[in-house]
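# Working through the structure, step by step
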Amino acid sequence: MNNKGLAFYIKIYGRILAQDLKSKMSYRADFIISMLGMIFTDAAGFITFWIMFRNFSSIQEWEYYEMLFLYGFSLIAITPVQCLLDNNWSLRINVREGDFIKYCFRPINLFFYYESEVFDVKGLGQLGVGVFTLVYAWIKLGLGCNVMMVLKVIVFLISASLFMMAMQNAAAATCFWIENSFYVLDLAFKLKDYAKYPVTIFGPVFRFVFTFVFPIAFIAYYPSLVILRPDNVPLLTWLAPPLGILFFYLSYRFWMLGAMKYNGTGS
Amino acid sequence: MDNVIEIKNLTKEFKVLNRHEGIKGSIRDLFSRDYKTVYAVKDVSLNIKQGEIVGYLGPNGAGKSTTIKMMTGVLKPSSGSILVNGRIPYRERTKNSQEIGVVFGQRSQLWWSLPLIESFKLLKEIYGIDSKHYDEMMEFYGTLVDLEPILHKPVRQMSLGQRTLSDILASFLHNPRICFLDEPTIGLDVAMKSNIRTLIHAINEKMNTTVILTTHDMGDVDALCRRIVIIDKGQMLYDNDIDHLRKFFGAYRTLKVRLKGDISENVKEIGAVLSDRDVTVSSDDEWISVLVNEDKCRVLDVLSIIQKDHKVKDMQLQEISTEDVIKKIYTEGV
């Protein structure tokens, strides 16, 4: 798997994606409904904040538009996991029913091959809402704009999405060892709902858990500080990009370890 | 000719927890370290040459899948050695998979939502098939099967037969040296089975691809395999030519007769007169079958004995079929 470079994998992915999108578009109603569903779900999150801030003026010094900023940031950071790694949700079933074995015979990276099978278009709706929310909050906060800021946002969005992907990978890979791993995956997925709040509003125990155990604080809170509190950026924020890469790599190794251990059911 | 597969004393064992019955037993199992060793494959040795079509047979749970998983590199053997194309499969899984093809009768490996032609193009990229070879193969496939109705159809919309056909075509596309076909004709109608057998035969002929075929359909074996390997309970029972197998058991012929009068009484009487002849008498509906070992007694003698006391309305003489032989081996051993 090392003899084939990144260019090779990008090319293959592009081909699968183009074909897959083409075939999804042919089921137009399904395409539109699932896209709208995702947009409504995410917009509902937006409305929640709006209602909340009718009643409070701030949460621990975090005002309405800052919270929206976090929310938009987290939505964008979650998009890659939604779009690219959606097949992780089927992993449990593939493994249990022995179908996973059919992925084991191609001369390419197994993780790539498995995940490339599904691209979830719904995630693009999420991306749309996320970008809208982030830009809206950005303007309302009057943060100004320069190349450096945009660059920072992009770098930290990537590292945030690496954390999210790592969590989901690791959670999905537990199915190679335990029978009913749905709850693990579901837990990891639900935890992301806490990513949109500043971690300081939680008690010290959860602050620790969300930083070091389930690192959801890295999905929006720590990276956002670079833009929202530029004078007071904690060390953990700067560590986010390398830590994100490390976590993702570890989760990938964990996933592959499980896959190599896998030997399927009889046929 | 070279061996493409060399297997020596291959063994795969699994540790299985000794389970206890009842709720108490289940709780005990939680803490139990009481394992027993189960041999899925035990001391199997086998050499397969380039271009052979080998029928790999055995009852369910015999260890066929386990052996194939070890040959494809998915599973690591417990002991013994295994070389596929001169490589140890589980150590060089990726390289190994470049040179093998695998088909599972029930599990399509093609991209579900893509038309077949797009799957082919992707495989071309993945295996790095050069365009010349690809075009040649497509042309060759065109002479074997009617590609038109399936080429632009998403796999999802195909019938089981079309899907299996597509899977087989896909598995040979990169010109693998060995192709593992696991029950390729399962669930297919007679015409499709025949199509698939013709296809496998033609590809083997042209590309000299080694084919390892596991199946429960003896029609596949008769049509394709010159050599068969039978395993049961993880151990090798038989490895030889199919002709040898028939010769081995071929001394057996079945004489079927239809007689006048009450069948159950006739069976009794015939059983009695032939009791010293070492034959097996059975009956179904109106036919009485006598299984004769020709090394010991001639079929015509048996017939004349029967004719002495009974009027024969109709008669048939049957060679023993591969199916019968295999059934005999599964139930009685070699």
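Predicted model only: the values in this text are computed from it and were never measured.

### Overview of the interface of chain B and chain A
Taken residue by residue, the interface counts 24 residues in chain B and 21 residues in chain A. Broken down by element, the side of chain B that touches chain A gets its largest block of residues, 5 residues, from helix H4 (residues 116–127) of chain B. Grouping the amino acids of the side of chain B that touches chain A by side-chain chemistry returns 10 nonpolar, 9 polar and 5 charged.

### Some details on the sheet that holds strand E4 (residues 79–84) of chain B
Residues and elements named next belong to chain B. An order of E2-E1-E4 is seen for the 3 strands of this open sheet, with the pairing classed as antiparallel. Pairing within the sheet leaves two strands with one partner each, and these edge strands are strand E2 (35–49) and E4. Sheet twist, expressed as the mean angle between neighbouring strand axes with direction ignored, is 25 degrees. Pairing geometry for strand E1 (residues 3–17) and E2, over 11 bridges, is antiparallel. Opposite isoleucine 5, over in E2, you have isoleucine 48 as the bridge partner.

### Some words on the domain arrangement of chain B
Residue and element names in this part refer to chain B. The assigned domain composition of chain B is domain 1 (3–246) and domain 2 (251–332). Computed from C-alpha atoms alone, the centre-to-centre distance between domain 1 and domain 2 is 40 Å. Listed as interface residues are 11 residues of domain 1 and, on the opposing side, 7 residues of domain 2. Elements with a contribution of two residues or more to the side of domain 1 that touches domain 2: helix H9 (218–224), strand E8 (227–232), strand E9 (235–241) and helix H10 (242–250). The dominant element in the side of domain 1 that touches domain 2, judged by the number of residues it contributes, is H9, at 3 residues. Its residues placed into classes, the side of domain 1 that touches domain 2 shows 8 nonpolar, no polar and 3 charged.

### A word on the environment of B:Glu13
Residue and element names in this part refer to chain B. Considering the arrangement of structural elements, one finds glutamate 13 in strand E1. The class of glutamate 13 is partly exposed, set by 15 C-beta atoms lying within 10 Å. Sequence spacing of glutamate 13 and proline 77 is 64 residues, and the spatial spacing of their C-alpha atoms is 8.1 Å. Sequence-distant contacts of glutamate 13, that is, excluding residues within four places in its chain, are made with Thr37, Val38, Tyr39, Ala40 and Ser78.

### Here we look at the environment of B:His133
Residue and element names in this part refer to chain B. Among the structural elements, histidine 133 can be located in helix H5 (residues 131–144). The exposure class of histidine 133 is partly exposed, given the 13 C-beta atoms found within 10 Å. A C-alpha to C-alpha distance of 56 Å links histidine 133 and valine 299, two positions 166 residues apart in sequence.

### Some points on the pairing of strand E11 (residues 280–284) of chain B
Residue and element names in this part refer to chain B. In this sheet, strand E12 (residues 287–293) lies alongside E11 in antiparallel orientation, the contact comprising 5 bridges. Looking across to E12, one finds that valine 281 is bridged to valine 290. The hairpin turn running from E11 into E12, its antiparallel successor, is 2 residues long, and aspartate 285 in that turn takes a positive phi close to 45 degrees.

Thresholds, definitions, all that
Residues numbered from 1 in each chain as written. Chains lettered and ligands numbered in written order. Predicted model: local features only at pLDDT ≥ 70, side-chain atom pairs only at ≥ 80, totals over all residues. Contact = placed C-beta atoms within 7 Å. Helix = DSSP H or I, 4+ residues; strand = E, 2+ residues; numbered from the N terminus. Nonpolar A, V, L, I, M, F, W, Y, C, P; charged D, E, K, R; others polar. Pairing = 2+ DSSP bridges. Axes fitted to C-alpha atoms, helices over the stretch in contact; angles between N-to-C directions. Domains from an automatic or database assignment. Buried ≥ 20, exposed ≤ 12 C-beta atoms within 10 Å, placed from the backbone.

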